[in-house]
Amino acid sequence: MQPARVKHTKTHKGRNQARKQFATRGTHLSFGSFGLKAEEAAWLKANQLESARKVMARFIQRGGKIWTRVFPDKPRTARSPELGMGGGAGGLSHFVAPVQIGRVIFEIDGLPEASAREALRLGAHKLPIKTRIIAR
């Protein structure tokens, strides 16, 4: 997952304090009956989100529907290893989704409760943050 195009690939990181605050939007279920909610703040990489989505989709086997409530649209840069200081920012490396505390990351519907909870549990193992399974 990544944006089709971005206006500026070398953006500032942003304030660390703002990232640690509680989310004010996206904290309740909007589409599904069960969801995965972030208990910590972090930048989730696009490949981490995709890995969690794939393991959930494989578990439900076309039985239900999955919604991804966050999108990685923040560009991050990286410089090649063993380079000296200076010379500016490196090239575009990957995209991240800033996730605050309390933000719903995934929603799932169309499954019995036990199956939905198991699918979300498998997806949570792919993410580098603590999460909680919530129900409507």
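Reading the values: the criteria
Residues numbered from 1 in each chain as written. Predicted model: local features only at pLDDT ≥ 70, side-chain atom pairs only at ≥ 80, totals over all residues. Heavy atoms only, no water. UniProt positions renumbered as here; feature names shortened; annotations may be inferred. Pairing = 2+ DSSP bridges. Helix = DSSP H or I, 4+ residues; strand = E, 2+ residues; numbered from the N terminus. Axes fitted to C-alpha atoms, helices over the stretch in contact; angles between N-to-C directions. Contact = heavy atoms within 4.5 Å.

Under an unreviewed UniProt entry, the protein chain has the name 50S ribosomal protein L16. Quoted verbatim from the Subunit (unreviewed entry) field of UniProt, the annotation for the protein chain is "Part of the 50S ribosomal subunit." Entered under Function (unreviewed entry) in the UniProt record, the comment concerning the protein chain runs "Binds 23S rRNA and is also seen to make contacts with the A and possibly P site tRNAs."

Chemist: Any details on the sheet that holds strand β5 (residues 91-99)? Residues and values, ideally.
Modeler: Strand pairing in a sheet takes place through backbone hydrogen bonds and is either antiparallel or parallel in direction. Pairing is antiparallel in the open sheet, where three strands are placed in the order β2-β5-β4. Sheet topology places β2 (42-45) and β4 (74-78) at the edges, where each strand pairs with a single neighbour. Ignoring which end each strand starts from, the neighbouring axes of this sheet average 50 degrees apart. Across four bridges, the pairing between β2 and β5 is antiparallel. By the bridge assignment for β5, Trp43 is matched with Pro98. Relative to the sheet, helix α2 (residues 46-60) contacts β2 and β5, its axis offset from that of β2 by approximately 70 degrees.

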